[in-house]
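Here is how the chains run, residue by residue.
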Amino acid sequence: MDDYESKTRGIPAAYRGAIDPANLNLRIILLTGATVGALLILAANLPWIFGPGPEPAPTQAPLQQAAPAPPPTPRPATATPGSVLPVDILAYDAPAGAVIGPVEAGRGYQVREVRPDGWAWLEVDGSGAIWTNAPEVTGGKDE
C-alpha cells in the first residue's frame, strides 16, 4: 500500500479525490488564477466604478516679487540758511482744514509743495509737516 492509500483509508471514495495531491495543486492554481484575474478586472474598472478622479490642479507660474523700493533719502533736520519763518504763522492739518496752532517766527522750514490756491505744505523744525496759507511763505498776497 502506498502512502496515499494509507492516509486516505476510512475516507469515503467520493471525498478521496478532493485531497488527492495532484487535484489539490490544481485547485490551488485555479483558485489563485481566478483571484488574480478578478483583482485585475476590478483594478481596471475602478474609474468606471467610482467615477473619474479629481481634475489635476492647473499649474501656475511662480509669482515674481517686485524689487523692494530703495529707502527714502533722508532730508536734513534743519533748514538751509535763509529758510526761517519771517513771521508767526498758523499751522493747519490740511488745506482749509482744522487749525493745529501757531508756529513761531525764526524756526527753520523746507517747502514740500506750493499749490496754486495759495496753500503750502511745509516741514517745520520742531513741528513736523504742516499746511499754511501765510503769504510770507507761499509768496501770495495777504487776503
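Note that the structure is a prediction, hence the values are computed from the model and not measured.

## Overview of the overall build of the chain
Here is step 1 of the chain: A tally of helices and strands in the chain yields five helices and five strands.
Here is step 2 of the chain: Its helices and strands taken in sequence order, the chain reads α-α-α-α-β-β-β-β-β-α from the N to the C terminus.
Here is step 3 of the chain: Evaluated residue by residue, the chain yields a buried proportion of 16% over its 143 residues.
Here is step 4 of the chain: In the chain, 32% of the contacts between residues at least 6 apart in sequence involve partners at least 24 apart.
Here is step 5 of the chain: Summed over all atoms, the accessible surface of the chain reaches about 11200 Å², with 62% contributed by carbon and sulfur.

## Points about the pattern of salt bridges
Here is step 1 of the chain: This structure, assessed with the given rule, holds three salt bridges.
Here is step 2 of the chain: Between arginine 107 and glutamate 104 there is a salt bridge, with its nearest N and O atoms 2.7 Å apart.
Here is step 3 of the chain: Judged by relative accessible area, which is 25%, arginine 107 ranks as partly exposed.
Here is step 4 of the chain: Judged by relative accessible area, which is 41%, glutamate 104 ranks as partly exposed.

## Quick word on the packing of aromatic side chains
Here is step 1 of the chain: Enumeration over the complete set of coordinates arrives at two aromatic pairs.
Here is step 2 of the chain: Taking 4.9 Å as the distance between ring centres and 90° as the angle between the ring planes, the aromatic pair formed by tyrosine 92 and tryptophan 119 counts as edge-to-face. Remark: tryptophan 119 occurs in the loop between strand 3 (109-114) and strand 4 (120-124) and tyrosine 92 occurs in strand 1 (residues 89-92); sequence separation between them is 27 residues.
Here is step 3 of the chain: The class for tyrosine 92 is buried, based on a relative accessible area of 14%.
Here is step 4 of the chain: The cationic tip of arginine 112 hangs over the ring face of tryptophan 121; the distance from NZ or CZ to the ring centre is 4.5 Å.

## Notes on the pairing of strand 4
Here is step 1 of the chain: Judged by which residues are buried, strand 4 turns out to be one-sided: Ala120, Leu122 and Val124 face inward and are buried, whereas Trp121 and Glu123, on the alternate face, are not.
Here is step 2 of the chain: Sheet analysis places strand 3 next to strand 4, joined by five bridges and oriented antiparallel. Counted as the bridge partner of glutamate 113 is tryptophan 121 from strand 4.
Here is step 3 of the chain: Hairpin connection from strand 3 to strand 4: five residues lie between these consecutive antiparallel strands, with glycine 118 at a positive phi of about 100°.
Here is step 4 of the chain: As judged from the five bridges shared by strand 4 and strand 5 (residues 128-132), these two strands associate in the antiparallel manner.

## Observations regarding the nonpolar core
Here is step 1 of the chain: In this structure, Leu85, Ile89, Ala91, Val103, Tyr109, Ala120, Leu122, Val124, Ile130, Ala134 and Val137 together form the largest nonpolar core, which totals eleven residues.
Here is step 2 of the chain: Those elements giving two or more residues to this core turn out to be strand 1 and strand 4.
Here is step 3 of the chain: Counting residues per element, this core draws most heavily on strand 4, which supplies three residues.
Here is step 4 of the chain: Beyond its immediate sequence surroundings of up to four residues, leucine 122 is in contact with Ile89, Tyr109, Gln110, Val111, Arg112, Gly128, Ala129, Ile130, Thr132 and Val137.

## Notes on the confidence of the model for the chain
Here is step 1 of the chain: Mean pLDDT over the chain works out to 76, with 66% of the residues at or above the 70 mark.
Here is step 2 of the chain: Residue range residues 73-81 is modelled with pLDDT below 50. Its contacts to residues more than four positions away, or to other chains, number eleven contacts.

Calculation rules
Residues numbered from 1 in each chain as written. Predicted model: local features only at pLDDT ≥ 70, side-chain atom pairs only at ≥ 80, totals over all residues. Heavy atoms only, no water. Helix = DSSP H or I, 4+ residues; strand = E, 2+ residues; numbered from the N terminus. Buried < 20%, exposed > 50% of the residue type's maximum accessible area, 1.4 Å probe, protein only. Contact = heavy atoms within 4.5 Å. Areas by Shrake-Rupley, 256 points an atom, 1.4 Å probe, with all protein chains shown as cover. Salt bridge = Lys/Arg side-chain N within 4 Å of Asp/Glu carboxyl O. Phe/Tyr/Trp six-rings, centres within 6.5 Å; stacked < 30°, edge-to-face > 60°. Lys NZ or Arg CZ within 6 Å of the ring centre and 35° of its normal. Pairing = 2+ DSSP bridges. Core = buried A, V, L, I, M, F, W, Y, C linked by side-chain atoms within 4.5 Å. pLDDT = per-residue confidence, 0-100.

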